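# Descriptive structure summary
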Amino acid sequence: MPSETGLARRLVAGGCLLLGLAAPAAATGRSHELLTQGETRIDVVIDRPAAGGGPAIVMLPSSQRDSLDFDDVAARVAQAGFVVLRPQPRGMGRSSGPPPDMTLSTLAGDVALTIERLAGGARAVVVGHAYGHWVARVADMNHPRLVRGVVVLGASAKTFPPGMTEALAVASDPSQPEAQRIEALEKSMFAPGNDPRSWLDGWHPHLRDAYRRAGQVPAKDQWFGTTHAPILDLQGAQDPWRPANTRDELKHLLGDKVTVRVIAHASHALVPEQPAAVAREIVDWVRTLAP
């Protein structure tokens, strides 16, 4: 669990300690529900509109991070009238630990279970941040009847520049000196002028190997060029994992099913950098989709 200092840092994300975060969070109802299926437990954070319920949006976090990263964005999206479902990844929160044979299909199955149990019988939009977008894409591939749309949020290019994986390894390792971690976060995750200290905490590095292995199955070539649902490709303008010459990579491959939007003053972290802009883009796009 994050320390009190760590929790404070995470609340400061995007400069929203008392104003930008607290206002939308107070306007929604936040609860937790523990889903069980056999021996599997999935801990789901739920944000509901202040009045009634609306269409469901599932949010999946980045590599080695949990769904609490979306606290601000989820509150804003719920305030706009949507039910936001945030299944905690395996090994985080109260969710079961990763099984030895965990794959992206395992994680996509957790998404399917969340939608089946908590989306009121309707399809849901699945938002995946960085590694989470791999899970979202595989959920669409494996469970198309449950997925209304996919938001790939801070997705890397299919082939990203060298040095990014190494910077991520330093940034996510609490045993490294803080100055080196901040430098790595600035290199790989946060745009100039955006404070990366909120992401010094919230990592689960002991799960790195399990998720790395899971990310290899199914192979990227099986799902990258496949989609049943429409896709919003939401990018940070200064994301080194997504160079400007790859902006339309997914759109060139999948055509009119893909809408590309770019958020200014944001890098790969995106969610803590520009939570209001991220929430606005998601809400505006989802409102264009068929039920």
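Summarised in this report is the structure supplied together with it. Nothing here was measured: the structure is a model prediction, and the numbers come from that model.

## A few points about the overall build of the protein
- Counting its regular elements, the protein contains 11 helices and eight strands.
- Taking 2.2 N^0.38 as the reference for a compact globule, 291 residues should give roughly 19 Å; the C-alpha atoms of the protein span a radius of gyration of 17 Å, in line with that estimate.
- Along the three orthogonal principal directions, the C-alpha set of the protein runs to about 50 × 40 × 40 Å.
- Residues counted as buried form 54% of the 291 residues belonging to the protein.
- Here the protein displays about 12100 Å² of accessible surface, and carbon together with sulfur accounts for 53% of that area.

## Describing empty space enclosed by the protein
- One pass over the structure, following the stated rule, counts two cavities of 30 Å³ or more.
- Considering only enclosed or pocket space, the largest cavity measures out at about 180 Å³ in volume.
- Taken together, 17 residues form the lining of the largest cavity, with Pro61, Pro89, Leu107, Val135 and Tyr211 sitting closest to its centre.
- Of all elements in the fold, only helix H4 (104-118) and helix H5 (131-142) reach the threshold of two or more residues within the lining of the largest cavity.

## Notes on the packing of aromatic side chains
- Enumeration over the complete set of coordinates arrives at seven aromatic pairs.
- Plain terms: the ring middles of tyrosine 131 and tyrosine 211 are 5.8 Å apart, the flat faces sit at 75° to each other, and that makes the pair edge-to-face. Of this pair, tyrosine 131 sits in helix H5 while tyrosine 211 sits in helix H8 (residues 208-214), placing them 80 residues apart in sequence. Taken individually, tyrosine 131 and tyrosine 211 each receive the classification buried, so the pair is uniform in this respect.
- If you follow arginine 65 out to its NZ or CZ, it ends over the ring of tryptophan 199, 4.0 Å from the centre.

## Some thoughts on the side chain of serine 67
- Of note, serine 67 is situated in the loop between strand E3 (56-60) and helix H3 (71-79).
- Within the structure, serine 67 has its side chain in polar contact with the backbone oxygen of proline 87 (distance 3.0 Å).
- If we ignore the near neighbours within four places in the chain, the residues touching serine 67 are Met59, Pro61, Arg86, Pro87, Gln88 and Pro89.

## Quick notes on the pattern of salt bridges
- Across all of its chains, the model carries 14 salt bridges by this definition.
- In this structure, the salt-bridge partner of aspartate 71 is arginine 86, at a minimum N-O distance of 2.7 Å. Taken together, the positions of aspartate 71 in helix H3 and arginine 86 in strand E4 (residues 83-87) put the pair 15 residues apart, joining distant regions of the chain.
- For aspartate 110, the salt bridge is made with arginine 90, and the minimal N-O distance between the two is 2.7 Å. Of the two residues, aspartate 110 sits in helix H4 while arginine 90 sits in the loop between E4 and H4, which places them 20 residues apart along the sequence. The pair formed by aspartate 110 and arginine 90 is uniform in burial state, with each residue classed as buried.
- Through salt bridges with shared partners, a single ionic network connects Arg30, Asp47, Asp71 and Arg86.

Rules used throughout
- Residues numbered from 1 in each chain as written.
- Predicted model: local features only at pLDDT ≥ 70, side-chain atom pairs only at ≥ 80, totals over all residues.
- Heavy atoms only, no water.
- Helix = DSSP H or I, 4+ residues; strand = E, 2+ residues; numbered from the N terminus.
- Rg over C-alpha atoms; globule rule 2.2 N^0.38 Å.
- Buried < 20%, exposed > 50% of the residue type's maximum accessible area, 1.4 Å probe, protein only.
- Areas by Shrake-Rupley, 256 points an atom, 1.4 Å probe, with all protein chains shown as cover.
- 1 Å grid on protein atoms, 1.4 Å probe; cavity = no way out; pocket = protein on both sides within 12 Å on 5 of 7 lines; lining within 4 Å.
- Points joined across faces, edges and corners; volume = space filled by probe spheres on them.
- Phe/Tyr/Trp six-rings, centres within 6.5 Å; stacked < 30°, edge-to-face > 60°.
- Lys NZ or Arg CZ within 6 Å of the ring centre and 35° of its normal.
- Polar contact = N/O pair within 3.5 Å; in protein donor to acceptor, adjacent residues only side chain to side chain.
- Contact = heavy atoms within 4.5 Å.
- Salt bridge = Lys/Arg side-chain N within 4 Å of Asp/Glu carboxyl O.

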